[in-house]
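# Coordinate inspection notes
The chain contents come next:
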Amino acid sequence: MSTSLLVPQHVAYIRALSGDSKHELSYDLSAHLRMNAVYWSLTALLIMGHGDALDRDEMIDFVMSCWDEEADILSLQQPSGSFAGDAFGETDTRFLYCAVNALSLLGKLDKLDVEKTVAYIRRCSNFDGGFGAVAGAESHASRVFVCIASLAILDRLDEVNQPTLFWWLSERQLPNGGLNGRPEKLEDVCYSFWVLSALSILNKLTWIDSSKLEAFILSAQNTESGGISDRPGNMPDVFHTIFGLAGLSLLGYPTLVDLDPVYCMPTSIIENMGLRKGWKALQRRTS
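Parameters at a glance
Counting restarts for each chain, with residues numbered from 1 along the sequence as it is written. Totals for whole chains, interfaces and linings use every residue, but because this is a predicted model, local features are given only for residues with pLDDT of at least 70 and side-chain atom pairs only at 80 or more, for both listing and counting. Values reported for side chains reflect all heavy atoms of the structure, with hydrogen atoms and water molecules removed beforehand. For helices the rule is a DSSP run of H or I covering at least 4 residues; for strands it is a run of E covering at least 2, with both sets numbered from the N terminus onward. Each residue gets one of three labels from its accessible area relative to the maximum for its type: buried under 20%, exposed over 50%, partly exposed in between, using a 1.4 Å probe on protein chains only. Should any heavy atoms of two residues lie within 4.5 Å, those residues are counted as being in contact. UniProt positions are given in the numbering used here, feature names are shortened, and annotations may be inferred rather than shown by experiment. Axes, fitted as lines to C-alpha atoms, cover a helix only where it is in contact. Angles between the N-to-C directions of the axes lie from 0 to 180 degrees. Crossing handedness is read from the near helix: turned anticlockwise from the far helix by less than a right angle, it gives a left-handed crossing, and turned clockwise, a right-handed one. Under the grouping applied here, Gly and all other residues not named as nonpolar or charged are polar, the nonpolar ones being Ala, Val, Leu, Ile, Met, Phe, Trp, Tyr, Cys and Pro and the charged ones Asp, Glu, Lys and Arg. Two N or O atoms count as a polar contact when they lie within 3.5 Å, although within protein this holds only if one can serve as hydrogen donor and the other as acceptor, and sequence-adjacent residues are included solely when both atoms are side-chain atoms. Working definition: a ring pair exists when centres of Phe, Tyr or Trp rings (six-membered ring for Trp) sit within 6.5 Å. Plane angles under 30 degrees give stacked, over 60 give edge-to-face, the rest tilted. Criterion for a charge above a ring: Arg CZ or Lys NZ at most 6 Å from the ring centre, at most 35 degrees from the ring normal.

### Quick look at the side chain of R143
- When you line up the elements, R143 lands in helix α7 (residues 141-153).
- Taking relative accessible area as the criterion, R143 reaches 15% and is therefore assigned buried.
- Among all residues touching R143, those that are not within four sequence positions of it are D92, T93, R94, F131, G132 and A133.

Shown next as structure tokens:
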């Protein structure tokens, strides 16, 4: 168990993932996750200051090979205001966030029916201050993030029942310092981002014990191969690596690049695009 961040090992871990043989069964079995993995890997490397560790042209070529000329984002919005993830029609507040995020990055938010979108988010809110995957669903930390971040992009944070949500989010921290996604569940490193991002957007990062959470994330590192797992002792994966690093960045961990909690991208990129709103992270430590 390490008490400091093992940056060289994590960079090597991610680079090794990109070199997996295309002739192995695991390559085909993970095809549906590959676009996500490109984002997770690149963002993790950018947070650590090693954005050049992967082949830029190779990543761009892969992303462009997935281009679908038949579907556009706005066509996926449903009459309810929700968004489907694809032509098959499954709806989830995750897809709504992806749509709002992408339209914002593309400078096309003016094409979105904002009132219909916000009305659907409102229907997904619950008495405990949280948000669910669909209207009437149980509150979940990841859905809280996507709804809060969407409302932040749309300048509609007035829709949030903030005092109640602050308590719900702060209660996600367990005695070992880790965070869970909903009541009575185990801690998981990925919630270090889902919970912290929402608290960061709402300027309430001090509502959790940052020192205990930092120690929990660091304890989930694999000291041999690199990478971060969901909890100490388990196998690492790139999903938990990115969101563990994202959580540490929001906590102000030294040497890490500042992260924008709304877009989960380096702050400098979002600022250069003129999209930074003014969220407050914990003051970055210098030692």
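Having put the structure on the table, let's press on.
### Here we look at the UniProt feature "domain: Prenyltransferase alpha-alpha toroid" (unreviewed entry) in the protein
- Cross-referencing UniProt, the feature "domain: Prenyltransferase alpha-alpha toroid" (unreviewed entry) maps to residues 6-70 and 73-265 in the present numbering.
- Structurally, residues 73-265 is divided into 41% helix and 2% strand, and its ends, taken at the C-alpha atoms, are 21 Å apart.

### Some points on the side chain of T117
- Checked against the element boundaries, T117 lands in helix α6 (residues 114-123).
- The exposure class of T117 is buried, given its relative accessible area of 0%.
- Residues within four places of T117 in sequence aside, it is in contact with Q77, G81, F83, L96, V100, L112 and L154.

### Remarks on the packing of helix α3 (residues 34-47) against helix α4 (residues 56-65)
- Interaxial distance between α3 and α4 falls to 10 Å at its minimum, and their mutual angle equals 150 degrees. For the pair α3 and α4, the sense of crossing is left-handed. For the pair α3 and α4, contact is made by R34, M35, V38 and L42 and by M59, F62 and V63, respectively.
- Classifying every residue of the contact of α3 with α4 gives six nonpolar, no polar and one charged.

### Here's the deal with helix α10 (residues 210-219)
- Considered for burial, the residues of α10 that qualify are L213, E214, F216, I217, L218 and S219.
- Contacts made by the buried residues of α10 are with α9 (191-201) and α11 (238-250).
- N-cap assignment for α10: the residue whose side-chain oxygen lies 3.2 Å from the backbone N of S211 is D209.

### What to know about the packing of aromatic side chains
- In total, this model carries ten aromatic pairs according to the counting rule given.
- Between the aromatic rings of F239 and F243, the centroid separation amounts to 5.1 Å while the plane-to-plane angle is 70 degrees, which identifies the pairing as edge-to-face. Of this pair, F239 and F243 both sit in helix α11, four residues apart, which is roughly one turn of that helix.
- When its relative accessible area of 23% is taken as the criterion, F239 is described as partly exposed.
- Taken together, W40, Y97, F145, F193, W194, F239 and F243 form an aromatic cluster joined through their ring pairs.
- Residue placement shows R172 over the ring face of W168; its charged tip is 4.6 Å from the ring centre.

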